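Understanding the architecture of this molecule
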Amino acid sequence: MHLSETRFLEFKRMQVLNNENGRLVILERANKTFATPFLNTDYKMFVALATTNSGNVDRGIELFKAIVKENPRRYDGYQFLASIYEQQKKYALAISERLKAKNINPWGADSLLELQKDYLAIGDNESALKIKDEIVNMAPNTEISKSAQALNS
């Protein structure tokens, strides 16, 4: 347990330049930290996000997939994967991950709004309308509800 805490704190404190060499340093340290036995899942999420944000997107995706495989109730892992896929304009993959998150946390209106956008991006207006209705029913008169209604108008 001490080793996992120590490695995570070392990873978190890293000061790395934003260049190719820095990206490789983060990748090396991220792999070492992530593989540490008994590393807390929240720490793994941090490492996966930092890895992705450093430009090591493919490895970040692998780390998020490992997290949800190990802990399938971590809906935020699916949401991070969906966000990455949305940035890559891989909307079918994003929808798949958002639906997994929805199955675990059906009240995540923010994620549902992104799911609605994903459906619209692929031209599935019928599914987008269903998601809009879910958002409006769950969170009437909220900013999210207004945003959902505006998307399908």
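In the block above lies the structure referred to throughout.
So, a few notes on the structure that sits alongside this text. On a predicted model such as this, the values are computed, not experimentally measured, just so you know. (Residues numbered from 1 in each chain as written. Predicted model: local features only at pLDDT ≥ 70, side-chain atom pairs only at ≥ 80, totals over all residues. Heavy atoms only, no water.)

1. A few points about the packing of helix 2 (residues 20–34) against helix 4 (residues 57–70)
Think of two packed helices as two axes; the pair is described by the angle between the axes and how far apart they sit. As a reminder of what qualifies: To obtain an axis, a line is fitted to C-alpha atoms, over the contacting stretch when the element is a helix, and the angle between two such axes runs from 0 to 180 degrees between their N-to-C directions. A run of H or I in DSSP becomes a helix once it reaches four residues, and a run of E becomes a strand once it reaches two; helices and strands are each numbered from the N terminus. Working definition: roughly parallel below 35 degrees, roughly antiparallel above 145 degrees, roughly perpendicular at 65 to 115 degrees, and oblique for all remaining angles. Here a residue-residue contact requires only that any non-hydrogen atoms of the pair lie within 4.5 Å. Throughout, the ten residues Ala, Val, Leu, Ile, Met, Phe, Trp, Tyr, Cys and Pro are labelled nonpolar, Asp, Glu, Lys and Arg are labelled charged, and all others, Gly among them, are labelled polar.
Packing of helix 2 against helix 4 leaves a shortest axis separation of 12 Å and a crossing angle of 10°. Here helix 4 runs roughly parallel to helix 2, going by the angle between their axes. The residues of helix 4 that touch helix 2, namely those facing L27, N31 and F34, are R59, L63, A66 and I67. Tallied by class, residues from the contact of helix 2 with helix 4 come to 5 nonpolar, 1 polar and 1 charged.

2. Things to note about the environment of E97
With respect to the helices and strands, the residue E97 is situated in helix 6 (residues 91–104). For the pair E97 and A128, spaced 31 residues apart in the sequence, the C-alpha separation amounts to 16 Å.

3. A look at the packing of aromatic side chains
The following threshold applies: To pair, rings of Phe, Tyr and Trp, with the six-membered ring standing in for Trp, must have centres within 6.5 Å; the planes then decide the type, stacked if under 30 degrees apart, edge-to-face if over 60, and tilted in the middle. Note on classification: 1.4 Å probe, protein chains only; a residue is buried when its accessible area is under 20% of the maximum for its type, exposed when over 50%, partly exposed between these limits. Each ring is checked for a lysine NZ or an arginine CZ that lies within 6 Å of its centre and within 35 degrees of its normal; such an atom marks a charge sitting over the ring.
As enumerated under the stated definition, the model contains 1 aromatic pair in all. Considering the side-chain rings of F64 and F80, the 5.2 Å spacing of their centres and the 15° angle between planes classify their relative orientation as stacked. One end of the pair, F64, is in helix 4; the other, F80, is in helix 5 (residues 75–87), and 16 residues separate them in sequence. Overall, F64 belongs to the buried group, its relative accessible area being 0%. The class for F80 is partly exposed, based on a relative accessible area of 29%. The side chain of K44 reaches across the aromatic face of F34, ending 5.3 Å from its centre.

4. Topic: the environment of L49
Relative to the helices and strands, L49 resides in helix 3 (residues 41–53). Here L49 falls in the partly exposed class, since its relative accessible area comes to 30%. Separated by 32 residues in the primary sequence, L49 and L81 place their C-alpha atoms 9.9 Å from one another. Sequence-distant contacts of L49, defined by excluding residues within four places in its chain, comprise F64 and F80.

5. Topic: the pattern of salt bridges
Filter applied, for reference: The salt bridge criterion pairs a side-chain nitrogen of Lys or Arg with a carboxyl oxygen of Asp or Glu, the two atoms within 4 Å.
On inspection of all chains with the given rule, the structure shows 12 salt bridges. Residue D42 pairs with R74 through a salt bridge whose shortest N-O separation is 2.8 Å. Residue D42 is located in helix 3, and its partner R74 is located in the loop between helix 4 and helix 5; the two are separated by 32 residues in the primary sequence. According to the relative accessible area criterion, R74 is buried, its value standing at 16%. Among the ionic pairs, E97 bridges to K100, the shortest N-O distance being 3.4 Å. You can see E97 and its partner K100 sitting in helix 6, 3 residues apart, about one turn around the helix.

Treat this as a map of the structure, not an account of what it does.
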